[in-house]
Amino acid sequence: MAGKPPTGDPVQDAPDVAAPQHAAAGLPAIAHTLRVAQRQMGVRRTALTLLKVNQKDGFDCPGCAWPEPDKRHAAEFCENGAKAVAEEATLRRVTPDFFAAHPVADLATRSGYWLGQQGRLTHPMYLAEGAASYEPVTWERAFDLIAEELHALTSPDEALFYTSGRTSNEAAFLYQLFAREFGTNNLPDCSNMCHESSGSALTETIGVGKGSVLLEDLYQADLIIVAGQNPGTNHPRMLSALEKAKAGGTKIITVNPLPEAGMERFKNPQNARGLAGVGTPLTDLFLQIRLGGDQALFRTLGRLVLETEGALDTDFIREHTHGFEEYERTARAADWDETLRATGLRREEIEEALRMILASRRTVVCWAMGLTQHKHAVPTIKEVVNLLLLRGDIGRPGAGVCPVRGHSNVQGDRTMGIFERPSAAFLDALEKEFDFTPPREHGLDVVRAIRALRDGDAKVFFAMGGNFVAASPDTEVTEAAMRRARLTVHVSTKLNRSHVITGARALILPTLGRTERDRQSGGDQFVTVEDSMGMVHASRGRLEPASPHLLSEPAIVCRLARRVLGTESTTPWEEFEKNYATIRDRVSRVVPGFEDFNARVARPGGFTLPHAPRDERRFPTATGKANFTAAPVEYPKAPEGRLLLQTLRSHDQYNTTIYGLDDRYRGIKNGRRVVLVNPDDARTLGLTDGSYADLVSEWTDGTERRAPGFRVVHYPTTPGCAAAYYPETNVLVPLDHTADTSNTPASKSLVVRLEQADPA
């Protein structure tokens, strides 16, 4: 019956394993979607809700940030998007009675899946110092508690204000404004853990830390390279765009350590060919690369382009780029033997990729965390840019860079100022508009915030959404750090692991979801989001709130700011809470590209933010041109008897939210503690298919980080490489093992040993 949560934590220590699939979506996706949605919402609520997802008059999916086409299908959502909506619009409720029946010590023993399945939070809850259980608290008392702790700090920089990518533009703008009026730039966010490497590399090379393509560019491309990304699970609606591109003649190269069903064949559930036919083969060339070998691959491809007569766009290089000569000297020295060692590929495969690149007049490169979460992630992405610059493939239709973001507004949050290292221009605009002096010293990102908590330099942790404890690296270190805080606060829709790993005192503040109607004293409100390609549009929920005790995220920030800042703040917080249009008026005067914000977002489908490299072939870098770079080639190496491990998602999860215990495309059922190992590697290590092993990461600090009890699955991974799901494997990621420049945790290239374990 809809609304009934599971009563016990399911057993996950004996997963069933079948052969991986070779096609994604189709009828099984529809069946699974409807089954999950009806279990959470019931039949009528399912129909009413799903038909409003990603529609111009509806709400933005709380899942991924993939953009919507102008002409939209009635069912403009994917399987995982439907799961995200179902979990938010669920009829299940977590009331004060639930917390009375489940002390924190009990909740801490439960899995993240079980916690999330309990349903929507209904009341503000408070865990007093030394208390065993959360108890209900009024909103007024909750804000008093936060103000008390913030006012007791020696410095505003002892507070941390974290943001998840789900937060709307309006809430994000208010949140950073409050933090800066309070006096700190400590605004770590989920981008620090995923696409920070993309922003760092693109800002330096093309002057804008975002992708340069729109959906129409994918349709016009001659070649799309999808590197370090699994759209079938992480961005399923991207498969529809790739299918449309294929229909127009586009070729696709997939670069990945794992074969992924979605990139092999797509059975589009929105047409007859997908439902009853064989679907659409997507990948023309699969380069099964060794983990972390992408920089070497793109460097050698660049060398081969340089060596091919007539392959360079010499006019573009001369007029629009800087640093070509140094790059050319470095690239021409690329060594074939080193490239083959780094990539694990055959020379013929790389030469076939070259032929496809040379045959393309318009190339797009898409990537995600498979490129961004390595120590050498930033130079890897710069190498992608180098290849495109050689061919003039930035700033013309059908070509460009396409970092595919995760959360639905993670890019918008950064645009709104959620950044620990804000530009001087942004702070100047904020100071002029709001008549206060914002702090200029850079704040703390996620990794540095955890260190500050660990070392006692930060004492209050406030999270606007997300599941910080489960998402962060080095789980034991992160949990110990959080427990040192004086106060931890989480603005949430549902229960998660971060609510049970607390500071001395803790608050859970329940908020409206995307699906719900937002009524304020000024009338019904809507919010806005920015998708992965810089499109900004409105989002309007239709459902009645899960509880009358919920506040919207903008309302929470406004009331907190009024309580903490008091009469010293001249910002009209009360007016902002009443009418979100007044927030957008201020955004239009602070954030470039948002001029006349209210009028433009009122148009169906919203508007596109300007992008100088794409729109004008103008590159706002330090040199005034697009920059070639020439960093030394790096790649991770594992000693004999060790493997390189990447962390990844199952098909039944989105980031740290676990929807179920299956990974249908990879053949895994009823379990998450599995490690995918190449059969030859497994036999060399003496690990039979179905045996169990502890995963132990090895790093320079000599600390043993162990994830016990993983079922070994013989799987067609790249030799020398293995894969396992996070957050279960985040315990293996050293806090200080991060990407150069971006400081993003290097979760995709862990050196591990597998120790045989007793299945019991």
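Residues numbered from 1 in each chain as written. Predicted model: local features only at pLDDT ≥ 70, side-chain atom pairs only at ≥ 80, totals over all residues. Heavy atoms only, no water.

### Quick word on the overall build of the chain
When helices and strands are tallied, the chain shows 32 helices and 33 strands. A globule of 760 residues ought to have a C-alpha radius of gyration of about 27 Å, and the chain, at 25 Å, matches this closely. Each of the three principal axes of the chain carries a C-alpha extent, and together these read 70 × 65 × 55 Å. A sequence separation of at least 24 residues applies to 78% of the contacts in the chain between residues at least 6 apart. The distance from the centre of the 88 positive side-chain charges to the centre of the 97 negative ones in the chain is 4 Å. (Helix = DSSP H or I, 4+ residues; strand = E, 2+ residues; numbered from the N terminus. Rg over C-alpha atoms; globule rule 2.2 N^0.38 Å. Contact = heavy atoms within 4.5 Å. Lys, Arg positive; Asp, Glu negative; His and termini not counted. Charge placed at Lys NZ, Arg CZ, Asp CG, Glu CD.)

### Here's the deal with the pairing of strand β16 (residues 460-464)
Successive residues of a regular strand alternate their side chains across the two faces of the sheet. Across the five residues of β16, five count as buried, placing the element largely inside the fold. In this structure, strand β7 (residues 159-163) lies alongside β16, joined through five bridges in parallel fashion. By the bridge assignment, Y162 is partnered in β16 with A463. Here β16 pairs with strand β17 (residues 487-492) via five bridges, running parallel. Looking at β17, one finds that V460 is bridged to L487. (Buried < 20%, exposed > 50% of the residue type's maximum accessible area, 1.4 Å probe, protein only. Pairing = 2+ DSSP bridges.)

### Description of the nonpolar core
Side chains that are nonpolar tend, in soluble globular proteins, to be buried together. One finds I146, L150, F161, F178, F462, L509 and W573 to be the most contacted residues of the largest nonpolar core, which totals 61 residues. When sequence neighbours within four positions are dropped, the list of residues in contact with I146 reads F462, L487, V489, L507, L509 and L560. Core analysis: the second largest hydrophobic core is formed by 46 residues, I206, L223, I350 and I357 among them. (Core = buried A, V, L, I, M, F, W, Y, C linked by side-chain atoms within 4.5 Å.)

### Remarks on the sheet that holds strand β5 (residues 125-127)
The strands making up a sheet associate through backbone hydrogen bonding, with each pair oriented either parallel or antiparallel. Strand order in the open sheet formed by six strands is β6-β5-β18-β17-β16-β7, with mixed pairing between adjacent strands. Two strands in the sheet have a free side with no partner beyond their single neighbour: β6 (135-136) and β7. Sheet analysis places β17 next to strand β18 (residues 505-510), joined by six bridges and oriented parallel. Looking across to β18, one finds that L487 is bridged to R505. Those strands touched by helix α27 (residues 553-565) are β16, β17 and β18, and its axis lies near 150° from that of β16. (Axes fitted to C-alpha atoms, helices over the stretch in contact; angles between N-to-C directions.)

### A word on the packing of aromatic side chains
Here the structure, examined in full by the defined rule, presents 21 aromatic pairs. Pairing Y162 with F461 gives two aromatic rings, centres 6.3 Å apart and planes at 25°, and the pair type is stacked. With Y162 in strand β7 and F461 in strand β16, this residue pair connects regions lying 299 residues apart in the sequence. A relative accessible area of 2% places Y162 in the buried class. In this structure an aromatic cluster arises from ring pairing among F161, Y175, F178, F182 and F462. Between R540 and the ring centre of F526, over which it is positioned, the NZ or CZ distance is 4.6 Å. (Phe/Tyr/Trp six-rings, centres within 6.5 Å; stacked < 30°, edge-to-face > 60°. Lys NZ or Arg CZ within 6 Å of the ring centre and 35° of its normal.)

### Thoughts on the pairing of strand β29 (residues 674-677)
Residues V674 and L676 line one face of β29 and the alternating positions V675 and V677 line the opposite face, and both faces are buried. Here β29 pairs with strand β31 (residues 705-714) via four bridges, running parallel. Residue pairing in the sheet places L676 in a bridge with V713 of β31. The pairing of β29 with strand β32 (residues 721-725) spans three bridges and is antiparallel.

### Side note on unusual backbone geometry
The amide bond that connects Y726 to the next residue, P727, takes the cis arrangement and shows omega of 10°. Take P727: it is sitting in the loop between β32 and β33 (750-757). With a phi angle near 55°, D596 is a residue other than glycine that sits in the positive phi range. Residue placement: D596 occurs in the loop between α29 (580-590) and α30 (597-601). Even without glycine at this site, N670 takes up a positive phi of about 60°.

### Observations concerning the pattern of salt bridges
If you walk through the whole model with that rule in mind, you get 67 salt bridges. The partner of D106 in a salt bridge is R110, and the shortest N-O contact between them spans 3.5 Å. Among the ionic pairs, R505 bridges to E148, the shortest N-O distance being 2.9 Å. With R505 in strand β18 and E148 in helix α7 (residues 139-151), this pair connects stretches of sequence that are 357 residues apart. Taken together, the salt bridges that share partners define one network made up of R642, D694, E698, E704, R706, R753 and E755. (Salt bridge = Lys/Arg side-chain N within 4 Å of Asp/Glu carboxyl O.)

### Considerations on the side chain of T582
Secondary-structure assignment places T582 in helix α29. A polar contact of 3.5 Å, which involves the side chain of T582, links it to the backbone oxygen of E575. Ignoring sequence-local partners within four residues, the contact set of T582 consists of E575 and F576. (Polar contact = N/O pair within 3.5 Å; in protein donor to acceptor, adjacent residues only side chain to side chain.)

### What about the sheet that holds strand β11 (residues 280-281)?
The three strands lie next to each other as β2-β10-β11, forming an open sheet whose pairing is mixed. Taken across any chain shown, the strands that pair with only one partner, and hence form the sheet edges, are β2 (24-25) and β11.

### Quick word on helix α15 (residues 294-306)
Taking 1.5 Å of rise per residue, 13 residues should cover 18 Å, and α15 covers 18 Å from first to last C-alpha, within 8% of that figure. Among the 13 residues of α15, 13 are classified as buried, and the element is accordingly described as predominantly covered. (Expected span 1.5 Å × (residues − 1).)

### What to know about helix α12 (residues 237-247)
Summarising burial for α12: eight of the 11 residues are buried, a large majority. Considered for burial, the residues of α12 that qualify are R237, M238, L239, A241, L242, E243, A245 and K246. Trailing α12 by a residue or two, G249 shows a phi angle of about 105°, which is positive.

### Quick notes on the environment of S552
As for its position among the elements, S552 is in the loop between β22 (535-539) and α27. Overall, S552 belongs to the buried group, its relative accessible area being 3%. Along the backbone, S552 and F426 are 126 residues apart, and their C-alpha atoms lie at a distance of 26 Å. Setting aside its immediate chain neighbours within four residues, S552 contacts T511, L512, D518, Q520 and Y580. Only 3.1 Å separates the side chain of S552 from the backbone nitrogen of A555, close enough to count as a polar contact. Here the side chain of S552 touches Y580 through a polar contact of 2.7 Å, side chain to side chain.

### Quick look at the packing of α7 against α27
How two helices pack is summed up by the angle between their axes together with the distance between the axes. Close contact between α7 and α27 brings their axes to 9 Å; oriented N to C, the two are set at 55°. As judged from the angle between their axes, α7 and α27 are oblique. Relative to α27, α7 is oriented so that their crossing is right-handed. Of the residues in α27, those touching α7 at W139, F143, D144, I146, A147, L150 and H151 are I556, R559, L560, R563 and V564. (Parallel < 35°, antiparallel > 145°, perpendicular 65-115°, else oblique. Left-handed = near helix turned anticlockwise from the far one by under 90°.)

### Some thoughts on the packing of helix α24 (residues 446-454) against helix α26 (residues 475-483)
Where α24 contacts α26, the axes come no closer than 7 Å and their chain directions differ by 55°. By the angle between their directions, the pair α24 and α26 is classed as oblique. In the crossing of α24 with α26, the sense of the turn from one axis to the other is left-handed. When α24 is examined against α26, the residues I450, L453 and R454 are found in contact with a partner set consisting of V477, T478, A481 and M482. Taken together, the residues that form the contact of α24 with α26 break down as five nonpolar, one polar and one charged. (Nonpolar A, V, L, I, M, F, W, Y, C, P; charged D, E, K, R; others polar.)

Shape is all these values report; function is a separate question.
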